[in-house]
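# Notes for the structure review
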Amino acid sequence: MQQTRDSIKDIWGKRSPYKGDWPVRVDEQIEEEPDKWVQSACVLCSNGCGMDIGVKDGKIVGVRGRAVDIVNHGRLGPKGLNGWVANNSADRLKRPLIRKNGKLEESSWDEAMELIVKKSKEVIEKQTSLGIGFYTSGQLFLEEYYTLAVIGKAGLGTPHMDGNTRLCTATAAAALKVSFGSDGQPGSYTDIDTTEAILHVGHNVASQQTVLWMRILDRLEGENPPKLVVIDPRKTFTAEKATVHLAPITGTNIPVMNGLLNLIIDSGRINKEFIENHTVGFEELKQIVAKWPPERVEEVSGVPAAKLREAAEILGSASTLVSTALQGVYQSMQATAAAVQVNNLHLIRGLIGRPGCGIYQMNGQPTAQNNRECGADGDLPGFRNWGNKEHIAELATLWNVDPDIIPHWSPPTHAMQIWRYAEQGLISLLWISGTNPAVSMPELQRIRNILDKEDLFVIVQDPFMTETAERADVVLPAAIWGEKTGCFTNVDRTVHISHKAIEPPGEARSDLDIFIDYAKRMDFRDKDGDPLIKWQTSEEAFEAWKQCSKGRPCDYSGMSYSKLSQGSGIQWPCNEQFPDGTPHLYTTHLFNTSANICETYGYDLDTGAAVTAEEYKAIDPKGKAFLKGTDYQQPYEIPDDLYPLWLTTGRQVYHFHTRTKTGRSKALSDAAPDAFIQISEEDAARYGIKEGEMIVVESRRGKVIEPAKIGGVEPGLVFIPFHYGYWDKSDRPRAANELTLSEWDPVSKQPHFKYAAVRITKADAGIIESTADKIEKAADTIKSKLKSQEA
Amino acid sequence: MHIGQYIDLVHRTEIDLVKAFKKVAKAHGDEPDVYQTCQLLASWSQKLVEEFEPIVKRYKEESDKEPDRLTQTLLKDTRKGGLALLRDLHDLYLITTEVKVCCTILKQASDGLRDKDLTAMCEEIERQTTRQLSWLLTRAKQAAPQTLIVAK
């Protein structure tokens with residue numbers, strides 16, 4: 001193997017100190033010298049690094065960063081450099097599988113698809129299309145999401161479409177909609193090149209978007225480095241570099257953010273003219289945050305008043321600021337309300353719509369943005385508003401269908417509710433593509449029970465036999481990145497094309513081909529009797545999407561496959577006015593809040609109650625941004641005598657999601673082979689726990705057994721990475737989500753993975769063996785029982 | 001003067017509303033959002049009940065205990081089965097509306113009396129009942145198609 005750097009040992013590589021233009025560094029890793037390089041981009045986090053795929057004899061043999069790309073300037077992180085080997089795994093799914101007599105057996109595509117069509121029609125007959133739900137991913141391509149969105153919304157007419165993007169990025173979308181009227185990140189990664197200050201809230205960027213962190217590290221080493229404020233309960237790689245690190249107690253983002261805003265408003269370091277001309281709601285926000293003087297913040301959040309003042313000094317005095325938020329905000333209490341406070345910080349200081357001033361409500365997954373744009377999740381295509389009849393009419397005209405077939409009587413069903421309906425028997429067919437809920441959803445025993453339900457027909461479309469696929473009734477082998485062509489969009493709205501480099505293994509097919517095949521077999525038609533899906537190839541699907549997005553904030557109409565294949569990715573909106581794309585949104589400070597444009601009429605931040613069209617029209621801000629706030633609310637489950645510790649979950653630098661791909665790279669797997677429980681030195685001493693000892697962790701919902709890792713967290717808090725399930729190791733319960741809660745944010749509906757009350761005890765060998773044994777036996781019994789009954 | 005009767009009516013109906021939200025929360029624990037939001041909304045009403053007490057005392061002589069006709073018939077027992085959640089949310093909507101109507105009527109008299117404290121109290125109750133109603137309607141609308149078309 002040849003590589004330009006060892007990204008396992010040195011995650012971020014050599015520094016290139018700079019201010020202004022970020023120097024190029026091309027990272028490369030190959031097994032053999034490729035015959036050709038094929039343009040693509042990385043799909044192992046939301047950063048969206050431009051990448052070439054090296055191909056030799058029809059096989060992927062390596063990758064290299066694209067020097068010309070605006071996102072990464074040639075760099076790649078450890079996941080990007082090593083994760084590609086998963087394509088070549090021997091255990092890829094190669095033929096469709098159908099459950100017969102309780103066992104998954106190989107079948108033809110015809111047989112599998114006909115069974116899916118037969119089941120769909122049976123469910124529609126009994127329950128209408130309300131009995132059908134789709135649970136997708138942040139991994140498919142734009143063309144696939146859009147095609148599925150049209151099938152679901154105009155073919156079947158079901159409101160039950162969402163993705164595991166709900167678990168990772170729903171709050172980003174919700175917060176942007178609440179403040180600016182629509183989804184869409186205001187800034188550009190180039191903001192980092194010049195900014196004076198950076199704020200990371202609940203975002204361990206060093207581990208999550210390693211290449212973005214390289215850019216920040218290079219700034220930190222260059223001239224006039226930016227000051228860095230990090231809000232995170234753990235001393236992460238990111239926190240270690242902070243000028244000021246605030247470590248709030250779990251669930252107290254709102255007190256900290258309200259406290260920071262209060263100090264900034266109080267010191268008068270706000271842009272009064274901007275507030276007056278471009279926002280609504282300042283007086284109310286001021287009253288809300290005024291209740292949070294630093295001393296009260298300290299009392300509730302544990303963040304020392306002096307440190308809060310230091311942070312406010314930086315954030316209040318910088319003339320340019322880049323802020324990011326991720327799961328520490330999105331998966332915690334009052335998620336949307338806290339994320340909105342980050343937007344508010346920029347609005348009250350007028351730091352938006354110009355170079356150096358960016359807000360990144362981060363996405364977790366590489367193509368999550370496209371699920372939001374294309375509407376295969378709980379949104380409508382093109383950021384359209386389900387409450388706006390004109391928006392529905394636009395879609396109906398575009399698709400040539402009766403507007404009434406498009407479900408728009410209430411917001412599209414969110415993921416947690418889809419699973420609840422399946423639990424209640426109110427959804428009887430659940431189609432899961434490119435995601436692994438049996439490891440990634442909260443409260444896994446409940447999810448397993450739902451997947452195993454006799455009255456639920458489960459379709460899983462995946463490249464691998466995941467923990468979820470094992471429980472499916474039909475498994476469809478999917479082609480992945482490198483094996484199909486399509487586009488996807490990163491956090492700063494940069495759209496990349498990823499070309500097909502090799503053939504998929506066996507009979508595996510792209511998700512696009514599978515969805516189009518389903519549409520044909522279901523015979524979905526438009527008003528004139530023509531096929532509803534009028535495209536066959538990914539390029540035709542992209543052209544259809546361009547039409548759908550035209551005139552909306554996420555306008556792709558000026559792009560084409562050939563334009564995207566010329567060099568760097570391109571930032572939307574890209575249209576006649578901006579043929580080369582747009583680095584910054586809102587440069588004129590006109591936001592997407594007008595009643596006829598906005599993607600939502602808004603929500604009550606405490607309850608999620610929807611504002612009606614009439615109510616919104618009465619207060620139509622006509623392009624001004626919303627300043628909204630709310631007061632602190634304690635989490636519903638807090639540590640007590642029985643479960644005295646806080647649990648929080650998170651990621652590791654070497655893995656992505658449930659490791660379906662990264663776990664199949666030996667280098668990545670060896671770098672982070674197993675789950676663990678991280679506890680503070682104080683708690684380790686209190687419980688008499690030594691490094692590496694096996695610990696039983698229990699919540700009210702389940703139990704895991706993990707080796708102890710001591711240090712790096714606050715006393716009273718324990719941390720478990722969420723990546724690890726059972727496909728490669730099932731000798732003990734180890735998935736963090738055995739413990740987590742089925743509850744969610746009232747606005748974004750994103751589940752609260754960041755806290756739960758747990759207790760810990762030292763495990764003895766006997767417990768480990770017997771528990772593992774019980775779990776496997778119970779699972780087998782349930783599976784065989786249910787499935788044999790069904791057969 | 002009959003204003004005491006309305007003050008008493010608003011106060012007692014708000015107390016009933018606390019109980020009703022708690023009852024529905026308890027009955028639908030399997031719906032985490034309903035459970036948590038109903039508890040939150042019960043806490044809002046509880047706070048209003050307490051803030052209202054000094055005014056209730058001030059007008060005590062005019063009060064008479066007319067039984068609350070509406071809350072006695074609604075939500076006596078929370079329901080079971082496919083329709084349960086929708087019907088319980090519907091009942092909560094009616095009880096909350098009762099609080100709101102009583103309060104709107106009371107505020108008219110309060111304006112006439114120029115009782116600034118009472119008027120402010122009425123405005124706060126109206127504001128909160130509006131938010132409560134808004135959530136109840138949002139959640140009921142969400143549940144309606146699946147309940148009325150699919151549920152057995």
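Per chain, residues are indexed from 1 in the order of the written sequence. A letter from A marks each chain and a number from 1 marks each ligand, given out in the order of writing. pLDDT decides what is reported in this predicted model: residues at 70 or higher carry local features, side-chain atom pairs at 80 or more are listed and counted, and totals for whole chains, interfaces and linings draw on all residues regardless. Excluded from the side-chain calculations are hydrogens and water; all other atoms, namely the structure's heavy atoms, are used.

## Quick notes on the overall build of chain A
Helix and strand counts for chain A come out as 27 helices and 28 strands. In summary, chain A has a C-alpha radius of gyration of 25 Å against a globular reference of 28 Å for 791 residues, a match within 12%. Overall, the C-alpha framework of chain A stretches about 70 × 65 × 55 Å when taken along its three principal axes. A buried classification covers 68% of the 791 residues belonging to chain A. Here, two residues are considered to be in contact whenever any of their heavy atoms come within 4.5 Å of each other. For chain A, contacts bridging at least 24 residues in sequence account for 75% of all contacts bridging at least 6. Computed with a 1.4 Å probe, the accessible areas rest on the Shrake-Rupley method; for each residue, only the protein chains presented here act as cover. For chain A, the exposed surface amounts to about 25,400 Å²; the carbon and sulfur share of it is 50%. His is not counted, nor are the chain ends; Lys and Arg add positive charge and Asp and Glu add negative charge. Taken as the charge centre is NZ of Lys, CZ of Arg, CG of Asp or CD of Glu, depending on the residue. Placing the 89 positive and 106 negative side-chain charges of chain A at their respective mean positions leaves the two points 1 Å apart. A helix here means a DSSP run of H or I that spans at least four residues, while a strand means a run of E at least two residues long, and both kinds are numbered starting from the N terminus. When we talk radius of gyration, it's over C-alpha atoms, and the globule rule is simply 2.2 Å times the number of residues to the 0.38. To sort residues, take the accessible area from a 1.4 Å probe on protein chains only and compare it with the maximum for the residue type: under 20% means buried, over 50% means exposed, and anything in between is partly exposed.

## As for the packing of helix H9 (residues 253–266) of chain A against helix H13 (residues 305–317) of chain A
Residue and element names in this part refer to chain A. Note on geometry: axes are C-alpha line fits, over the in-contact stretch for helices, and angles between N-to-C directions span 0 to 180 degrees. Axis separation between H9 and H13 bottoms out at 9 Å; the angle between their running directions is 60°. Here H9 lies oblique to H13, going by the angle between them. Between H9 and H13 lies a crossing whose hand is right-handed. Contacts between H9 and H13 pair Val256, Gly259, Leu260, Leu263 and Ile264 from the former with Leu308, Arg309, Ala311, Ala312, Leu315 and Gly316 from the latter. These descriptions rest on fixed angle ranges, namely under 35 degrees for roughly parallel, over 145 for roughly antiparallel, 65 to 115 for roughly perpendicular, and the rest for oblique. A clockwise turn of the near helix away from the far one marks a right-handed crossing, whereas an anticlockwise turn of less than a right angle marks a left-handed crossing.

## Points about unusual backbone geometry
All names here are of chain A. Going from Trp572 to Pro573, the amide bond is cis rather than trans, its omega being 0°. Among the structural elements, Pro573 can be located in the loop between strand S21 (570–571) and helix H24 (613–618). Although it is not a glycine, Asn400 sits at a positive phi angle of roughly 55°. Tracing the backbone through its elements, the reader meets Asn400 in the loop between helix H17 (389–399) and helix H18 (415–424). In this model, Asp523 sits at a positive phi of 60°, which is unusual for a non-glycine residue. Mapped onto the elements of the fold, Asp523 is located in the loop between helix H21 (511–522) and helix H22 (538–549).

## Considering the side chain of Glu443 of chain A
All names here are of chain A. Position of Glu443 relative to the elements: it lies in the loop between helix H19 (437–440) and helix H20 (444–451). By salt bridge we mean one thing: a side-chain nitrogen of Lys or Arg within 4 Å of a carboxyl oxygen of Asp or Glu. Arg446 provides the closest opposite charge to the buried, unpaired Glu443, separated from it by 5.0 Å. Counted as a polar contact is a pair of N or O atoms within 3.5 Å, where, for protein atoms, one must be capable of donating a hydrogen and the other of accepting one, and residues adjacent in sequence contribute only when both atoms are in side chains. A polar atom in the side chain of Glu443 sits 2.6 Å from the side chain of Ser742. Not counting the four nearest positions on each side in its chain, Glu443 is found in contact with Arg701, Asn737, Thr740 and Ser742.

## Observations regarding the sheet that holds strand S3 (residues 36–41) of chain A
The strands making up a sheet associate through hydrogen bonds between their backbones, and the pairing can be parallel or antiparallel. Residues and elements named next belong to chain A. Pairing between strands is defined by DSSP: at least two bridges between them are needed. Spatially, S1-S2-S5-S4-S3 is the arrangement adopted by the 5 strands of the open sheet, whose pairing is antiparallel. Of all strands in the sheet, those with a lone pairing partner are strand S1 (2–3) and S3, marking the two edges. Examined bridge by bridge, S3 and strand S4 (residues 50–56) share 6 bridges and lie antiparallel to one another. In the strand pairing of S4, Trp37 is matched with Gly54.

## Description of the nonpolar core
To form a nonpolar core, buried Ala, Val, Leu, Ile, Met, Phe, Trp, Tyr and Cys residues must be joined to one another through side-chain atoms within 4.5 Å. In terms of nonpolar packing, the biggest core is built from 176 residues, with Ile348, Trp431, Leu476 and Tyr518 of chain A touching the most fellow members. Ranked by size, the runner-up nonpolar core spans 40 residues in total, among them Val34, Cys38, Leu89 and Cys103 of chain B.

## Observations regarding the environment of Ile459 of chain A
Residues and elements named next belong to chain A. Along the chain, Ile459 falls in strand S17 (residues 457–462). Among the residues examined, Ile459 registers a relative accessible area of 0% and is labelled buried. Each C-alpha atom of the pair Ile459 and Leu315 lies 49 Å from the other, and the pair is 144 residues apart in sequence. In contact with Ile459, other than residues within four places in its own chain, are Ile116, Leu429, Leu430, Trp431, Ile432, Val474 and Leu476.

Taken by themselves, the reported measurements are silent on function.
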